[in-house]
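Observations on the three-dimensional arrangement
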Amino acid sequence: MTPAGPEDVPAEFVRALRSLRTVTVRPEVVLDEVPGPARIAPFSAALTAEVRSARRSVAAAELASGRFVVLYDPEGQEAWDGTFRLVTLVRASLESEVGADPLLAEVAWSWFSDALEQAGLEPHAAGGTVTRVLSQSFGALERRAEQTELEIRASWTSAGEDLGPHLRAWATLLCTAAGLPPLPEGVVPLGPRR
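Residues numbered from 1 in each chain as written. Predicted model: local features only at pLDDT ≥ 70, side-chain atom pairs only at ≥ 80, totals over all residues. Heavy atoms only, no water.

**Describing the nonpolar core**
With 43 residues, the main nonpolar core has Phe-13, Phe-68 and Val-70 as its most contacted residues. Among the secondary structure elements, those contributing two or more residues to this core are helix H1 (11–21), strand S2 (43–52), strand S3 (62–77), strand S4 (82–94), helix H3 (104–118), strand S6 (147–158) and helix H4 (164–178). Sort the elements by how many residues they give to this core and H4 lands first, with 9 residues. Among residues more than four places away in sequence, those in contact with Phe-68 are Leu-20, Ala-45, Ala-46, Leu-47, Leu-86, Val-87, Thr-88, His-166, Leu-167 and Trp-170. Ala-46, Val-69, Leu-71 and Trp-80 belong to the second-largest nonpolar core, a separate cluster that totals 5 residues. (Core = buried A, V, L, I, M, F, W, Y, C linked by side-chain atoms within 4.5 Å. Buried < 20%, exposed > 50% of the residue type's maximum accessible area, 1.4 Å probe, protein only. Helix = DSSP H or I, 4+ residues; strand = E, 2+ residues; numbered from the N terminus. Contact = heavy atoms within 4.5 Å.)

Right under this line is the structure:
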């Protein structure tokens, strides 16, 4: 269901979306607004992201990408155990030896848990999957190196309408999957130029 106009959008949902606008992410992360899914909840919003080796450079390598979806149902949904549900996706290419590690799925899920913990969040009703895809080329493409793709899908319920910490946690997860080192203690990303 798509709201007919701004007056039809619940104030709680509007405040939640505004809390996302205050979030500053690392310069390697490029966020874009996209339409949210229309059938999962009465109200939704979504962001996509790319983690690049250099911000907004055409020549920059894409290190990871993903999607951050906010779902809101004023009446709540039983499976969510709340009114706000966050659904995320992170995709990254990995080096072959990392992709072959039998503990990769557990490690990748710990990235999710650690990112939420670092943001001061306790994931409520959290669940997800970690998928690893190994691509090996043959024939005319056999000179290509093996590729390993990692995909982390996760969803959890927010206890309130301040979704900023959740977006920061997701951005941290994206950067971890991309292989970026964590920012040193006490260093914060600079906000956008005004």
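**Concerning the packing of aromatic side chains**
How two aromatic rings sit relative to each other is given by the distance of their centres and the angle of their planes. According to the stated counting rule, one finds 7 aromatic pairs in the structure shown. These aromatic residues form a ring-pair network of at least three members: Phe-13, Phe-43, Tyr-72 and Phe-84. (Phe/Tyr/Trp six-rings, centres within 6.5 Å; stacked < 30°, edge-to-face > 60°.)

**Focus on unusual backbone geometry**
Residue Asp-81 is not a glycine yet carries a positive backbone phi of 60°. Inspection of the secondary structure assignment puts Asp-81 in the loop between S3 and S4.

**Details of the environment of Ser-19**
Counting through the fold element by element, Ser-19 comes out in helix H1. Assessed through its relative accessible area of 11%, Ser-19 is described here as buried. Along the primary structure Ser-19 and Pro-165 are separated by 146 residues, whereas in three dimensions their C-alpha atoms are 8.9 Å apart. Not counting chain neighbours up to four residues away, the residues in contact with Ser-19 comprise Glu-161, Asp-162, Leu-163 and Gly-164.

**Here we look at the pattern of salt bridges**
Applying the stated criterion to the full structure yields 6 salt bridges. Across the salt bridge formed by Glu-161 and Arg-15, the nearest N and O atoms sit 2.5 Å from each other. Placement of Glu-161 in the loop between S6 and H4 and of Arg-15 in helix H1 is noted, with a sequence separation of 146 residues between them. Take Glu-161: its relative accessible area is 23%, and that puts it in the partly exposed class. With relative accessibility at 42%, the residue Arg-15 sits in the partly exposed group. Here Arg-153 and Glu-151 are joined by a salt bridge, their closest N and O atoms 2.8 Å apart. Here the salt bridges share partners, and the residues they tie into one network are Arg-91, Glu-151 and Arg-153. (Salt bridge = Lys/Arg side-chain N within 4 Å of Asp/Glu carboxyl O.)

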